[in-house]
Amino acid sequence: MSQGKYWNEEIETMPREKLQALQLKRLKEVVKKAYENNRFYRLLYDEAGVHPEDIKSLSDLSKLPFIQKDTVRDAYPYGMLISPIEQCVEMHATSGTTGKSVPVFATRRDLDHWAEVNARELWMVGLRPGDILQNAYGYGLPTGGFGFHYGAMKLGAMVIPTGTGQTQRQIETIMDYGVTAICMTPSYAQYLGQKALEQGIDLTKQSKLKIGLFGAEPWPLATRYKIEELLGITAYDEFGMTEFLGPGMSCECEARQGMHTWADTFLVECINPETGQPVPDGQEGELVWTWLTSEGTAMIRYRSRDLSSVCWEDCPCGRTHPKIAPIKGRTDDAVVIGGLIVFPSQIEDILGSFPEIGANFRLYVDRNVRGLDYFTLSIELKEYGLLEKGELLSLLQRCIREKIKNVIGLLPQNISFVAPDALPRVTSGEGKTASARLEDRRK
Ligand SMILES: [Zn+2]
């Protein structure tokens with residue numbers, strides 16, 4: 001194996017044709033294993049009239065029905081197993097904030113492979129033997145802590161498993177032990193950097209930090225710059241889902257133009273969330289994942305509800321594995337209008353830049369008699385007096401239309417302004433108020 005630029009050069013730079021041949025071989029194996037050993041998959045595939053023998057090429061993947069969180073949750077607790085439980089040596093589970101948690105079971109080989117993909121990622125962002133990694137992800141049922149831990153150990157770096165919280169001790173650990181790399185959520189990294197600064201510690205000059213690996217939540221570019229400025233590191237984006245053992249699924253290389261997804265381990269598709277049909281390379285859609293190497297838990301065509309895109313283009317780093325774009329949001333929070341994915345939060349952001357606009361708006365989506373989608377906006381003004389300023393309102397209307405066209409790629413058919421407090425209040429209170437302002441009248 002390695003150890004120049006790549007952790008596992010043979011796999012990481014494997015020509016696409018060879019990589020896809022490997023994907024097909026592993027896909028056939030896992031589908032067969034799931035069909036033969038798992039009642040849920042057997043019923044699902046029998047019902048769809050598809051048999052493992054029908055998978056002859058990667059495009060045959062579309063013959064297999066999707067699975068999603070609800071289905072997997074119904075199989076709780078042991079329903080997704082494809083090996084006897086006696087062969088599993090570790091279990092993790094999603095946090096279960098929106099219902100029963102989803103467990104994932106790993107055999108010895110699953111754990112070895114998990115360490116391998118995490119070692120690849122850590123090597124890719126510059127970690128080497130001799131480095132000290134402070135791991136401030138949770139060590140528990142969710143997988144963040146353990147994934148990076150196993151990967152760093154395999155690579156030969158030293159791990160300090162601080163786990164989450166205890167900011168004071170995190171800062172002291174960074175300083176006292178000469179920590180060179182950290183991983184944690186981006187929001188916590190920013191918090192930690194600010195706390196250090198408040199104590200007069202300039203991590204950029206006084207610590208040995210150089211690398212940071214961040215994930216588990218979407219973070220805008222502005223947060224990346226802020227973290228890099230506060231901690232004096234290069235920050236990399238990482239993506240994983242607990243259902244697939246989490247960390248080790250996708251990570252940025254030095255080019256930082258999307259996250260490489262390990263195609264020998266995961267097969268990622270990008271679909272139109274409404275039709276379920278694949279979208280072209282580079283186009284936005286919902287990610288669907290298949291775990292090719294798993295022995296314990298089978299995840300075949302799992303709809304993630306994450307919006308992103310998949311691109312197989314050549315990367316300057318020389319790795320051949322496809323890249324996914326940063327996760328933009330969840331399909332639950334988005335609406336598809338005329339084939340384009342629109343987040344009510346995008347409209348909220350746009351309106352927020354106009355001081356004349358109040359805090360509330362309504363986004364209506366309709367379909368006309370020719371079957372074409374369109375949307376209209378009803379927007380509260382900040383003051384009653386503005387309702388009489390016709391000239392200002394038409395200027396405002398033009399500016400908002402222009403901005404929406406630039407950001408979303410669609411023009412609203414109509415924008416109307418209403419008095420403050422004229423629209424129903426949004427009471428969801430769960431931080432997703434923007435999507436609660438959407439009214440889809442097409443159904
Ligand atoms: Zn790359």
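Throughout what follows, the structure given in this document is the object of discussion. (Residues numbered from 1 in each chain as written. Predicted model: local features only at pLDDT ≥ 70, side-chain atom pairs only at ≥ 80, totals over all residues.)

Time to look at the overall build of the protein chain. A count of helices and strands for the protein chain gives 13 helices and 21 strands. Taking 22 Å as the expected radius of gyration for a compact globule of 443 residues, we find that the protein chain reaches 24 Å, a close match to that expectation. Dimensions of the protein chain along its principal axes, counting C-alpha atoms only, are 70 × 65 × 40 Å. Buried residues in the protein chain amount to 40% of all 443 residues. A separation threshold of at least 6 residues defines the contact pool for the protein chain, and within that pool the share at least 24 residues apart is 66%. (Helix = DSSP H or I, 4+ residues; strand = E, 2+ residues; numbered from the N terminus. Rg over C-alpha atoms; globule rule 2.2 N^0.38 Å. Buried ≥ 20, exposed ≤ 12 C-beta atoms within 10 Å, placed from the backbone. Contact = placed C-beta atoms within 7 Å.)

This paragraph deals with the packing of helix 7 (residues 167-176) against helix 8 (residues 186-198). Where helix 7 contacts helix 8, the axes come no closer than 10 Å and their chain directions differ by 75°. By the angle class used here, helix 7 and helix 8 are roughly perpendicular. Contact residues: Thr167, Gln170 and Ile171 in helix 7; Leu192, Lys195 and Ala196 in helix 8. Here the residues of the contact of helix 7 with helix 8 sort into 3 nonpolar, 2 polar and 1 charged. (Axes fitted to C-alpha atoms, helices over the stretch in contact; angles between N-to-C directions. Parallel < 35°, antiparallel > 145°, perpendicular 65-115°, else oblique. Nonpolar A, V, L, I, M, F, W, Y, C, P; charged D, E, K, R; others polar.)

This paragraph deals with the nonpolar core. By size, the foremost hydrophobic cluster in this structure holds 88 residues, and its most contacted members are Leu127, Cys183, Phe266 and Trp289. Among the nonpolar cores identified, the runner-up in size contains 18 residues, and Leu307, Ala334, Ile347 and Ile400 belong to it. (Core = buried A, V, L, I, M, F, W, Y, C linked by C-beta atoms within 7 Å.)

Further remarks concern the packing of helix 5 (residues 108-124) against helix 6 (residues 144-155). Put simply, helix 5 and helix 6 touch, their axes get as near as 7 Å, and they point 75° apart. Taken together, the axes of helix 5 and helix 6 lie roughly perpendicular to each other. Of the residues in helix 6, those in contact with Leu111, Trp114, Ala115, Glu116, Asn118, Ala119, Glu121, Leu122 and Trp123 of helix 5 are Gly147, Phe148, Tyr150, Gly151, Ala152, Lys154 and Leu155. The residue makeup of the contact of helix 5 with helix 6, split by class, is 10 nonpolar, 3 polar and 3 charged.

Glancing now at the sheet that holds strand 13 (residues 310-311). The strands making up a sheet associate through hydrogen bonds between their backbones, and the pairing can be parallel or antiparallel. Read across the open sheet, the 9 strands follow the order 4-3-5-6-7-8-9-14-13; overall the sheet is mixed. Since the sheet does not close on itself, it has two edges, and those belong to strand 4 (158-160) and strand 13, each with one partner. Both strand 9 (residues 259-261) and strand 14 (residues 323-324) contribute to a ladder of 2 bridges, which runs antiparallel. Within strand 14, the residue paired with Met259 across the bridge is Ile324. On the sheet, helix 10 (residues 221-231) packs against strand 6 (211-215) and strand 7 (234-241) and is oriented at approximately 125° with respect to strand 7. (Pairing = 2+ DSSP bridges.)

Turning our eyes to something else, we now look at the sheet that holds strand 19 (residues 373-381). An order of 20-19-18-21 is seen for the 4 strands of this open sheet, with the pairing classed as mixed. On the outer flanks of this sheet lie strand 20 (414-418) and strand 21 (438-440), each paired with one strand and no other. Pairwise comparison of adjacent strand axes, ignoring direction, gives a mean angle of 15° for this sheet. Across 5 bridges, strand 19 lies against strand 20 in parallel orientation. Within the sheet, the bridge partner assigned to Leu377 lies in strand 20 and is Ile415. Most of the contacts of helix 11 (residues 344-351) go to strand 18 (residues 357-367), to which it runs at about 140°, and overall it touches strand 18, strand 19 and strand 21.

Counting buried residues in strand 8 (residues 246-252) gives 7 out of 7 residues, a clear majority hidden from the surface. Across 3 bridges, strand 7 lies against strand 8 in antiparallel orientation. Paired with Glu238 across the two strands is Cys251, which belongs to strand 8. Following strand 7, the chain reverses through 4 residues before pairing antiparallel with strand 8; Leu245 in that reversal takes a positive phi of roughly 70°. In the sheet, strand 8 pairs with strand 9 via 3 bridges, with the strands oriented antiparallel.

A few words on helix 6. In this model helix 6 runs 17 Å from its N-terminal to its C-terminal C-alpha over 12 residues, within 8% of the 16 Å that 1.5 Å per residue would give. Here helix 6 lies mainly inside the structure; 10 of its 12 residues are buried. Of all the residues in helix 6, the buried ones are Gly144, Gly145, Phe146, Gly147, Phe148, His149, Tyr150, Gly151, Ala152 and Leu155. Where helix 6 is buried, its residues contact helix 5, strand 3 (132-135), strand 4, strand 5 (181-184), strand 7 and strand 8. Two residues or fewer after helix 6 comes Gly156, characterised by a positive phi angle close to 100°. (Expected span 1.5 Å × (residues − 1).)

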